[in-house]
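Breakdown of the fold
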Amino acid sequence: VVRRPDDIDQAELERTVEELNADAAIDGFLVQLPLPEALDEDRILELVDPAKDVDGFHPVNVGRLWSGQPALAPATPSGIVEMLARSDIAVEGLDAVVVGRSRIVGKPLAALLLERNATVTLAHSRTRDLAALCRRADLLVAAIGRPAFFGPDHVAPGAVVVDVGINRVDDAAELERLFPDDAERRAAFEEKGYFLVGDVDYRRVAPIARAITPVPGGVGPLTVTMLLANTLTAARRRHGLEPS
């Protein structure tokens, strides 16, 4: 772990990235985001050696991903695809709606699903009549960072629901607004002082979904796993054990 102070300047952080690029003992690394506002995040990500870019954010890896070429893909979307495969949920031919257009989840996931022959709609918080669009989906991916935003009116019976959101609710009034008269959640909140909830209202959606991921414990662990998988892939490619 290479730690730098929050007040690091652009030039010093760029030097740190270049040192990691040049270090033959390092097969892969990432720059923890978000960066302080004073720094040029895009410039820093573009400096990372694409062969060591285990986050999959370098424009070269983004372009290779969308071109269907071997690429280090972002960990969260890769984890979602892996989780679906290991759950015997074939995405080929499915009508998939991905809500959220970030470069971390939404956009790369759309590319990965298209590569696997799903029909993909990439929606976002400004999509008109979002609930109606979501109800068309065989596969709904929620990734907009709004606690318990997606309820039964967003989900078709029998749909597969993947909840990417991890939202920390630490305000009692917000908890009551989201989950009125929920004694169990209130007790957990009083014990810890906060409550973690996904973008999907799990308890109301789960009964109508074919399959659904929990929060926490769903997409999160797969993200970590795929980051390590990317690191292994980067190492194998650098040592000539796998096509680059």
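Scroll up to find the structure this text is about.
So, how was this worked out
- Residues numbered from 1 in each chain as written.
- Predicted model: local features only at pLDDT ≥ 70, side-chain atom pairs only at ≥ 80, totals over all residues.
- Heavy atoms only, no water.
- Pairing = 2+ DSSP bridges.
- Helix = DSSP H or I, 4+ residues; strand = E, 2+ residues; numbered from the N terminus.
- Contact = heavy atoms within 4.5 Å.
- Axes fitted to C-alpha atoms, helices over the stretch in contact; angles between N-to-C directions.
- 1 Å grid on protein atoms, 1.4 Å probe; cavity = no way out; pocket = protein on both sides within 12 Å on 5 of 7 lines; lining within 4 Å.
- Points joined across faces, edges and corners; volume = space filled by probe spheres on them.
- Nonpolar A, V, L, I, M, F, W, Y, C, P; charged D, E, K, R; others polar.
- Patch = residues over 30% accessible without salt bridge, like charges linked within 9 Å, V, L, I, M, F, W, Y side chains within 5 Å.
- Areas by Shrake-Rupley, 256 points an atom, 1.4 Å probe, with all protein chains shown as cover.
- Salt bridge = Lys/Arg side-chain N within 4 Å of Asp/Glu carboxyl O.
- Lys, Arg positive; Asp, Glu negative; His and termini not counted.
- Charge placed at Lys NZ, Arg CZ, Asp CG, Glu CD.
- Buried < 20%, exposed > 50% of the residue type's maximum accessible area, 1.4 Å probe, protein only.

1. Brief notes about the sheet that holds strand S1 (residues 95-99)
Hydrogen bonds between backbone atoms are what pair the strands of a sheet, whose relative direction is either parallel or antiparallel. With parallel pairing, five strands are arranged side by side in an open sheet as S2-S1-S3-S4-S7. The sheet terminates laterally at strand S2 (119-123) and strand S7 (211-212), the two strands that pair on one side only. Inspection of the sheet shows S1 paired to strand S3 (residues 139-142) by four bridges, in the parallel sense. Directly across from Ala 96, in S3, lies its bridge partner Leu 139. On the sheet, helix H4 (residues 75-86) packs against S3 and strand S4 (160-163) and is oriented at approximately 145 degrees with respect to S4. Where helix H5 (residues 106-115) meets the sheet, it contacts S1, S2 and S3, and its direction lies at approximately 170 degrees from that of S2.

2. Here we look at the layout of surface pockets
Rolled over the atoms, a probe with the dimensions of a water molecule shows which regions are left empty. Empty space within the largest pocket amounts to approximately 580 Å³. In terms of lining, the largest pocket is formed by 24 residues, of which the most central are Val 2, Arg 3, Leu 30, Val 31 and Gln 32. Broken down by secondary-structure element, the contributors of at least two residues to the lining of the largest pocket are helix H1 (10-22) and helix H10 (219-238). At four residues, H1 tops the list of elements feeding residues into the lining of the largest pocket. A class-by-class count of the residues in the lining of the largest pocket yields 17 nonpolar, four polar and three charged.

3. Observations concerning a negative patch on the surface
On the surface, Asp 6, Asp 7, Asp 9 and Glu 12 cluster together into a negatively charged patch. In this fold, Asp 9 is placed in the segment before H1. According to the relative accessible area criterion, Asp 9 is partly exposed, its value standing at 42%.

4. Describing the pattern of salt bridges
Under the defined criterion, the tally for this structure stands at 13 salt bridges. With its nearest N and O atoms 2.9 Å apart, the salt bridge here joins Arg 177 to Glu 174. Taken together, the residues span about one helical turn, with Arg 177 and Glu 174 both in helix H7 (residues 172-178) at a distance of three residues. In this structure Arg 177 comes out as exposed when scored by relative accessible area, which is 55%. The partly exposed category is assigned to Glu 174, whose relative accessible area is 25%. Arg 185 is paired through a salt bridge with Asp 182; the nearest N and O atoms lie 2.9 Å apart. In this structure Arg 185 comes out as buried when scored by relative accessible area, which is 7%. Classification of Asp 182 by relative accessible area gives buried; the value is 14%. Residues joined by salt bridges that share partners form a network here, namely Asp 182, Glu 184, Arg 185 and Arg 203.

None of this, on its own, says anything about what the molecule does.
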